[in-house]
Amino acid sequence: MSDLSTRVGPVHLNSPVIAASGTVGSVVDFAATIDFSFYGAAVAKSVAPEPWKGRPPPRLAPSGTGMLNGIGIQNPGIDAWVDEVGSRLADLPVPVWGSAVAHDAPGFGVVARGLEQAGVDAIEVNLSCPNLDDGQLFALDAVASASVVAAVRAGTRLPIGAKLSPNAERIADIAEAVAQAGADWVVLTNTVWGAAFDVNSRRPKLSGVVGGYSGAPLKPIALRCVWEVARVLPGLPIVGCGGVASGEDVVEYLLAGASAVAIGTVHFAEPRAARRIQRELERFLDRTGTARIEELIGAAKPW
Ligand SMILES: Cc1cc2nc3c(=O)[nH]c(=O)nc-3n(C[C@H](O)[C@H](O)[C@H](O)COP(=O)(O)O)c2cc1C
């Protein structure tokens, strides 16, 4: 039997497959639908210091083989989140990571303190939401990203990961800045900016016009980010994310340098995808005589 366990910085995971933020609600909400024991960790939807209404519909639109979303991080705010979700986290069969979002660095610090109080096991810092109406995308700027991560670091003793954007021109610079500010790992990546139009109504397919594009077409873009960051910063752990739908997709990310991989959009078509992906991973390891999944991390060969 192959060993699927891995490490992401200070965190041990039983499986390299993580449920991506925003695709499994607060995790608690989906516990009746999804068997979370197939995941190494599950990341809750991002939560802000105050309640956010999110954008009006339409907020989701298939486009090509991927999906556009412009939810705008609808969430109840950290105080309500702690009340609603906190007491139910301990019953779940998986470590839950909270995800923090805010309009400024102190706001991220407030959310981080709340998430720790609620009992999450780690915190993802969402620097890369493509749907904030003031257009802020911290992850495009190394100084802004570092100041957010420093505020989170000051607000919690939990392990923290910084979720970056494929829209960043020089993603390794951003990764280096957040690592120096105290991030234990980076998540590569969030969605990429995209848009789509209905040719009959002539309207944009999202109310906010521009949204985040995810699913299969994101995979080569996010893999390029993983490869670049792993090469420039070999000591920095990476969670890969973007377009993963099979065991071989997970292996690709590991070879490029990720230590674990988050799956998101695949949940919409197949809520129980993690069980299948785990079986495919096990078969891959058997077929290739690989005893431990960690042997694959960064193991891509040069031409
Ligand atoms: C409907 C939807 C909502 C999302 N909400 C969040 C969110 O709240 N916070 C976050 O960090 N990422 C969010 N994401 C991004 C995903 O976590 C993931 O980074 C992205 O979708 C790429 O992975 P995928 O191609 O496997 O979906 C969302 C994605 C989708 C499709």
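Treat the numbers as computed from the prediction; the structure is a model and nothing was measured.

Rules behind the numbers
- Residues numbered from 1 in each chain as written.
- Predicted model: local features only at pLDDT ≥ 70, side-chain atom pairs only at ≥ 80, totals over all residues.
- Heavy atoms only, no water.
- Core = buried A, V, L, I, M, F, W, Y, C linked by side-chain atoms within 4.5 Å.
- Buried < 20%, exposed > 50% of the residue type's maximum accessible area, 1.4 Å probe, protein only.
- Contact = heavy atoms within 4.5 Å.
- Helix = DSSP H or I, 4+ residues; strand = E, 2+ residues; numbered from the N terminus.
- Pairing = 2+ DSSP bridges.
- Axes fitted to C-alpha atoms, helices over the stretch in contact; angles between N-to-C directions.
- Near = heavy atom within 4 Å.
- Polar contact = N/O pair within 3.5 Å; in protein donor to acceptor, adjacent residues only side chain to side chain.
- Nonpolar A, V, L, I, M, F, W, Y, C, P; charged D, E, K, R; others polar.
- Phe/Tyr/Trp six-rings, centres within 6.5 Å; stacked < 30°, edge-to-face > 60°.

Engineer: Even after reading the chapter, I still don't get the nonpolar core, so can you show me in this structure?
Structural biologist: Side chains that are nonpolar tend, in soluble globular proteins, to be buried together. Membership of the largest hydrophobic core comes to 83 residues, with the highest contact counts inside it found for L127, V186 and V229. The contact partners of V186, leaving out residues within four places of it in the chain, are A162, L164, A175, V178, V229, L236, P237, I238 and V239. Core analysis: the next-biggest nonpolar cluster, separate from the first, contains 15 residues, A41, V43, W185 and A262 among them.

Engineer: What am I meant to see in unusual backbone geometry here?
Structural biologist: Apart from glycine, the bulk of residues carry a negative phi angle, and the bulk of peptide bonds sit in the trans form. Backbone torsion omega between P57 and P58 reads -5 degrees, so that peptide bond is classified as cis. In this structure, T189 follows L188 across a cis peptide bond, with omega equal to 15 degrees. Within the element layout of this structure, T189 appears in the loop between β10 (185-188) and β11 (192-194). In the Ramachandran plot, V27 falls in the positive-phi region, its phi being about 75 degrees despite a non-glycine side chain. For V27, the location among the structural elements is in the loop between β3 (17-19) and β4 (41-43). A relative accessible area of 0% means that V27 is categorised as buried. Look at I73: it is not a glycine, yet its phi comes out positive at around 50 degrees. Summarising the element assignment, I73 is placed in the loop between β6 (66-69) and α1 (78-85).

Engineer: I tried to follow the sheet that holds strand β12 (residues 211-215) on my own but got confused; where do I start?
Structural biologist: Neighbouring strands of a sheet are bound in pairs by backbone hydrogen bonds; such pairs are parallel or else antiparallel. Taken in spatial order, the 4 strands line up as β5-β6-β12-β11 in an open sheet, and their pairing is antiparallel. This sheet does not close on itself; its edge strands, each paired only once, are β5 (60-63) and β11. Between one strand axis and the next, the sheet turns through 40 degrees on average, direction left out of account.

Engineer: Got a minute to help me understand the environment of A122 in this structure?
Structural biologist: In this fold, A122 is placed in strand β8 (residues 122-126). Along the chain, A122 and V96 lie 26 residues apart, while their C-alpha atoms are 7.2 Å from each other. A122 has contacts with V96, W97, G98, L158, P159 and W185, leaving out every residue within four places of it along the chain.

Engineer: I would appreciate a short explanation of the site of the ligand in the present structure.
Structural biologist: Inspection of the region around the ligand gives 23 residues, with S21, S46, K163, G243 and T265 positioned closest. Backbone polar atom of G264 to an oxygen atom of the ligand: 3.0 Å apart, as the coordinates give it. A distance of 2.5 Å separates an oxygen atom of the ligand from a polar side-chain atom of T265. Contributions of two or more residues to the shell around the ligand are made by β6 and β12. In the shell around the ligand, the residues fall into 7 nonpolar, 14 polar and 2 charged.

Engineer: Honestly, the packing of aromatic side chains in this entry has me stumped. Any pointers?
Structural biologist: To describe a pair of aromatic rings, you give the distance between the ring centres and the angle between the ring planes. Inspection of every chain in the model, using the stated rule, returns 3 aromatic pairs. Taking the centre distance of 5.5 Å and the plane angle of 45 degrees together, the rings of F36 and Y39 count as tilted. With relative accessibility at 1%, the residue F36 sits in the buried group. Overall, Y39 belongs to the buried group, its relative accessible area being 3%. Note on W97 and W185: the rings are 4.9 Å apart at their centroids and 45 degrees apart in plane angle, and the pair reads as tilted. Highlighted residues: W97 in strand β7 (residues 96-100) and W185 in strand β10, separated in sequence by 88 residues.

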